[in-house]
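Residues per chain are reported as follows:
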Amino acid sequence: MKVCVIGTGYVGLVTGACLAHVGHHVICVDNNAEKVKLMQSGQSPIYEPGLSEVLQSAIAAGTIEFTTDLAAGVHHGEVLFIAVGTPPLPSGESDTQYVEAVARGIGQNLNGGYKVIVNKSTVPIGSGDWVRMVIVDGLTESQTAAKDAKFDVVSNPEFLREGSAIYDTFNPDRIVLGSNVPEAIAIMKELYAPIVNHEASEDKTLPPVPVLVTELNSAEMVKYAANAFLATKISFINEVANICDRVGADVLQVAQGIGLDSRIGNKFLQAGLGWGGSCFPKDVAALVHTADDYGYEAVLLKATVQTNQHQRLLVVEKLQQTLKILKGKTIGLLGLTFKPDTDDMRDAPALTLTEALTRLGAKVKAYDPLISQSEIRHTLSNITVEADIEKLAAGCDALVLVTDWQQFQSLDYNRLASLMNNPILIDGRNFLNKAALKKAGFSYVGIGH
Ligand code: UDX
């Protein structure tokens, strides 16, 4: 099928590359010419394991193209994905100006026939109808668009995780399609058939991916509700961890104990210094804001956010309990990104932590496998990023594990302890082997563990 993806951020590029990989002919449109050039050469502008390989194989097969020309993309696609950013405004609302510009541009360039316009961007609930209106506006004001062009808008929320985006796209738990137009749903089902039937997988025994067809607004709500539930689950286990700390229980054992109950499930029960990233903070805030707009106070979701804010600063409390005064002390952060296998620092707990520590007069150093001093200069001016772990540990009064990068489990902790002023380690993800660290001479502090 002929597909156009507008916006080549995380969601757009991964969707475009994976649909091209299963044989659709995809044109990706982005208004950043430099980025388009890079992608044309087979390079991914974002760090995502496996993405470059999928991209390069699609380029070699001739199933993917990149352009800045929106009209060319719109003319090509029978399915058009809107996958541009909806960043948060200070109020918590999503900024939908990019979605609006793209929808208008689609309308201005419609060239006849029937097209399905898919909303992949996470938009405020009710946006499907608004997108339709903006497209119609664009169509009406254009001199060249085909006035008889027909289209429908479908909401198709995205659930991929950074760091596992390719796996998640080929192996989704479900595909949600929001529309009550049978023709649009039939086209979307045909588009996703190779993914539903796991055509890209070697394992032919996999059951087909469930496809859920809903009303437009419900599909938009599914995205918010899923992220809000997962964020609440983490805040819940973090609260349990904080109680564990006080009563002398171990949250790892408690999580295992409750996770074996199939009604609860064992995923997203890792206590730590809180959730971050480009989705959870933005989506929970937007849902709280939407509820407010309709005169409803989302008390539980507000508590989810509040617990998370407290959790990020818990490490500061733990450092104060062990080091007392933080002024003049040097704290080393192991990891900066909001989670491993990504170079994304959006709303990362490390940002909150660094700000709080420097406010208390501590000196903050960090090491992250993917973040260098030059990359961080604009985000965090008050931190020194070291190029290796030994330099990080040298002269530190405590280390804090912020991101659960796999490689941090196999460091030479005996050597690191010998380089530090005080071998103290706050394990902000309960990720390291407590007994091994103690053996290496560390005083180990976990989160409810
Ligand atoms: C999330 C959703 O999982 C995905 O479905 C949606 O499309 C986008 O938002 P992502 O932001 O990539 O994906 O990261 P995720 O793996 O969900 O982790 C989010 C945050 O929660 C990270 O900061 C992570 O460290 C934290 N986390 C996750 C925990 O603290 N404990 C857990 O048990 C799981």
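This structure is a prediction, so every number in the text was calculated from the model and none was measured. (Residues numbered from 1 in each chain as written. Predicted model: local features only at pLDDT ≥ 70, side-chain atom pairs only at ≥ 80, totals over all residues.)

**Q** Is there a simple way to explain the overall build of the protein chain in this structure?
**A** Each helix and strand in the protein chain was counted, giving 17 helices and 14 strands. Here the C-alpha atoms of the protein chain give a radius of gyration of 24 Å, agreeing with the 22 Å that 2.2 N^0.38 yields for 449 residues. Dimensions of the protein chain, computed from C-alpha atoms along their principal axes, come out at roughly 75 × 45 × 45 Å. Residue pairs at least 24 apart in sequence account for 73% of intrachain contacts in the protein chain once pairs closer than 6 positions are excluded. (Helix = DSSP H or I, 4+ residues; strand = E, 2+ residues; numbered from the N terminus. Rg over C-alpha atoms; globule rule 2.2 N^0.38 Å. Contact = placed C-beta atoms within 7 Å.)

**Q** Can you walk me through the UniProt feature "binding site: NAD(+)" (unreviewed entry) in the protein chain in this structure?
**A** On the UniProt side, "binding site: NAD(+)" (unreviewed entry) is annotated at positions that read Asp30, Lys35, Thr86, Thr122, Glu162, Lys282 and Arg346 here. Annotated residues spanning 317 residues; largest pairwise C-alpha distance 25.0 Å, indicating distribution over more than one region. Positionally, aspartate 30 belongs in the loop between strand E2 (25-29) and helix H2 (33-40). Apart from residues no more than four positions distant in its own chain, glutamate 162 is found in contact with Tyr10, Gly277, Lys339, Thr342 and Asp344. (UniProt positions renumbered as here; feature names shortened; annotations may be inferred.)

**Q** How should I be thinking about the nonpolar core in this particular structure?
**A** Side chains of nonpolar character tend, in soluble globular proteins, to be buried together. In terms of nonpolar packing, the biggest core is built from 70 residues, with Val284, Ile331, Leu333, Val400 and Val402 touching the most fellow members. With eight residues, helix H9 (residues 216-247) is the single largest residue contributor to this core. Setting aside chain neighbours within four positions, we find valine 284 in contact with Asn227, Ala228, Ala231, Leu301, Thr304 and Val305. Counting 56 residues, the second largest nonpolar core, distinct from the first, contains Val74, Ala83, Val116 and Val176. (Core = buried A, V, L, I, M, F, W, Y, C linked by C-beta atoms within 7 Å. Buried ≥ 20, exposed ≤ 12 C-beta atoms within 10 Å, placed from the backbone.)

**Q** I tried to follow the domain arrangement of the protein chain on my own but got confused; where do I start?
**A** Often, the extent of an interface is quoted as the loss of accessible area upon association of its parts. Domain annotation of the protein chain identifies domain 1 (2-214) and domain 2 (305-445). One C-alpha centre belongs to domain 1, the other to domain 2; they are set 38 Å apart. Between domain 1 and domain 2, the residue contacts involve four residues of the former and seven residues of the latter. By residue class, the composition of the side of domain 1 that touches domain 2 is two nonpolar, one polar and one charged. (Domains from an automatic or database assignment. Nonpolar A, V, L, I, M, F, W, Y, C, P; charged D, E, K, R; others polar.)

**Q** Got a minute to help me understand the UniProt feature "active site" (unreviewed entry) in the protein chain in this structure?
**A** Following the UniProt record, the feature "active site" (unreviewed entry) maps to Cys279 here. On the secondary structure map, cysteine 279 appears in the loop between helix H10 (251-259) and helix H11 (280-293).

**Q** Before we go on, may I ask you to explain the environment of valine 364 in this structure?
**A** Inspection of the secondary structure assignment puts valine 364 in strand E10 (residues 363-367). Judged by local crowding, valine 364 falls into the buried class, with 22 C-beta atoms found within 10 Å. In contact with valine 364, not counting residues within four places along its chain, are Ile331, Leu333, Thr354, Leu357, Thr358, Asn382 and Ile383.

**Q** Any chance you could explain the sheet that holds strand E13 (residues 424-427) here in plain terms?
**A** Sheets are built from strands paired through backbone hydrogen bonds, the pairs being either parallel or antiparallel. Spatial ordering of the open sheet is given by E11-E10-E9-E12-E13-E14, a layout of six strands whose pairing is parallel. Of all the strands in the sheet, the pair left with one neighbour each is strand E11 (383-385) and strand E14 (443-445). Between one strand axis and the next, the sheet turns by 20 degrees as a mean value, whatever way the strands run. Bridging between E13 and E14 involves three bridges; their strand directions are parallel. Counterpart to leucine 425 in the pairing with E14 is tyrosine 444. Sitting on the sheet, helix H13 (residues 349-359) is in contact with strand E9 (330-334), E10 and E11, with an inclination near 155 degrees to E10. (Pairing = 2+ DSSP bridges. Axes fitted to C-alpha atoms, helices over the stretch in contact; angles between N-to-C directions.)

**Q** Looking at this model, I keep getting lost on the site of the ligand. Mind explaining?
**A** Taken together, 19 residues are adjacent to the ligand, and Glu162, Gln270, Trp275, Gly277 and Cys279 come closest. At three residues, the largest contribution of residues to the shell around the ligand is made by H9. Among the residues forming the shell around the ligand, the class breakdown is ten nonpolar, five polar and four charged. (Near = placed C-beta within 6 Å.)

**Q** Explain the packing of H9 against H10 to me, please; I cannot follow it from the model alone.
**A** Helix-helix packing is described using two parameters, namely the angle between the two axes and the distance between the axes. Across the interface, H9 lies against H10 with an axial gap of 9 Å and an inter-helix angle of 135 degrees. One element, H9, and the other, H10, form an angle in the oblique class. Considering how the two elements wind past one another, H9 and H10 form a crossing that is right-handed. Residues Ile237, Val240, Ala241 and Cys244 of H9 form the contact with H10, whose own contacting residues are Val251, Val254 and Ala255. Across the contact of H9 with H10, the residue classes tally to seven nonpolar, no polar and no charged. (Parallel < 35°, antiparallel > 145°, perpendicular 65-115°, else oblique. Left-handed = near helix turned anticlockwise from the far one by under 90°.)

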